[in-house]
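Topology and contacts: notes
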Amino acid sequence: MLGDSHKVVNPFEWGEKGRLFEACLNVAEMRRLPAIAAGGEQRCCARIQFGKAGELVTAVGQVCAVLTVLCQRCLEPLQLDLRPAVHWGIVTSEAAAERLQAELEPVIVTGQRANLAEWVEDELILAMPVVPMHQPAECAVTLTTPAVPDVDHPFAVLKSLVKNKGPSR
Ligand SMILES: [Zn+2]
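Figured I'd write up the structure that's included with this text. Per chain, the residues get numbers from 1 upward, laid out in the order the sequence is written. For this predicted model, a pLDDT threshold of at least 70 governs which residues receive local features, and a threshold of 80 or more governs which side-chain atom pairs are given and counted, while totals over whole chains, interfaces and linings are taken from all residues.

Thoughts on the overall build of the protein chain
Counting from the N terminus, the helices are DSSP H or I runs at least four residues long and the strands are E runs at least two residues long. Secondary structure summary: the protein chain contains five helices and eight strands in total. Along the protein chain, helices (α) and strands (β) appear in the sequence β-α-β-α-β-β-β-β-α-β-β-α-α when read from the amino end. Comment: burial labels come from other C-beta atoms within 10 Å of the residue's own C-beta, placed from the backbone, where a count of 20 or more is buried, 12 or fewer is exposed, and between is partly exposed. The buried share among the 169 residues of the protein chain stands at 20%. When contacts within the protein chain are restricted to residue pairs at least 6 apart in sequence, those whose partners lie at least 24 apart make up 57%. Note on contacts: each residue gets a C-beta atom placed from the backbone, and two residues are in contact if those atoms are within 7 Å.

Some details on helix α4 (residues 116–127)
Since the α-helix advances by 3.6 residues per turn, residues separated by three or four positions end up pointing in the same direction. Here the expected span of a helix is defined as 1.5 Å times the quantity of residues minus one. With twelve residues, α4 ought to run about 16 Å at 1.5 Å a step, and its terminal C-alpha atoms sit 17 Å apart, in line with that. Burial in α4 covers these residues: Leu 116, Ala 117, Trp 119, Val 120, Glu 121, Glu 123 and Leu 124.

So, the environment of Phe 21
With respect to the helices, strands and loops of the structure, Phe 21 is situated in strand β2 (residues 20–25). The sequence separation of Phe 21 and Lys 7 amounts to 14 residues, and the corresponding C-alpha distance is 8.3 Å. Beyond its immediate sequence surroundings of up to four residues, Phe 21 is in contact with Ala 46, Ile 48, Phe 50 and Leu 116.

Comments concerning the nonpolar core
A set of buried residues qualifies as a nonpolar core if it consists of Ala, Val, Leu, Ile, Met, Phe, Trp, Tyr and Cys joined through C-beta atoms within 7 Å. In terms of nonpolar packing, the biggest core is built from 28 residues, with Cys 44, Ala 46, Val 63 and Val 120 touching the most fellow members. Element by element, the count of residues in this core is highest for strand β4 (residues 56–70), at six residues. Sequence-distant contacts of Ala 46, that is, excluding residues within four places in its chain, are made with Phe 21, Ala 23, Leu 25, Gly 61, Val 63 and Val 120.

Focus on unusual backbone geometry
Not every positive phi belongs to a glycine, and Leu 75 is a case in point at roughly 65 degrees. With respect to the helices and strands, Leu 75 occurs in the loop between β4 and β5 (77–82). Residue classification places Leu 75 among the exposed residues on the basis of 11 C-beta atoms within 10 Å.

Re the pairing of β4
Think of it this way: DSSP has to see at least two bridges between two strands before they count as a pair. With eleven bridges joining them, strand β3 (residues 43–53) and β4 adopt antiparallel strand pairing. Opposite Arg 43, over in β4, you have Val 66 as the bridge partner. Two strands pair when backbone bridges link them, and β4 and strand β6 (residues 85–91) are joined in this way by six bridges, in the antiparallel orientation. Across the sheet, residue Gly 61 finds its bridge partner in β6, namely Val 86. Sheet analysis places β4 next to β5, joined by six bridges and oriented antiparallel. For Leu 67, the partnering residue across the bridge sits in β5 and is Leu 80. Between the antiparallel neighbours β4 and β5 lie six residues, among them Leu 75 with a positive phi of about 65 degrees.

Any functional reading would require information that these geometric values do not contain.
Spelled out as structure tokens, the structure:
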């Protein structure tokens, strides 16, 4: 396991040297994920290879994480298994970011330092479902309302809407 000093690196130098970022990161020490997480198991590992494609510094690899969040349907803990792939093109300006090939995700670095733990955290946040929920069979809340109106009674939904709306017309 790498210490904190190895998470803040010069990505351009790492590209030149073809270094490998391999770390197990403490989710509790991250800045935004602890607010989303719901206790329970939180693990995160990253393995990202820095290198160069011509003049461009790239970093390619994978982040693996198990995070526990709250299911937005039943509010019980839900374990998410996230494995976002990383394809970063490291650039110094917006203009350079626009010139990147489509398969690379631009990461703009203006100084000489980048906190790789923060980049990994960004990837995890992007990989999270917008509304995390259990699979229906695993959820404590059983869905009784059909998602689509019953075709035999096309006005059933309308009827319930009218009922909810009350007597005012
Ligand atoms: Zn649930």
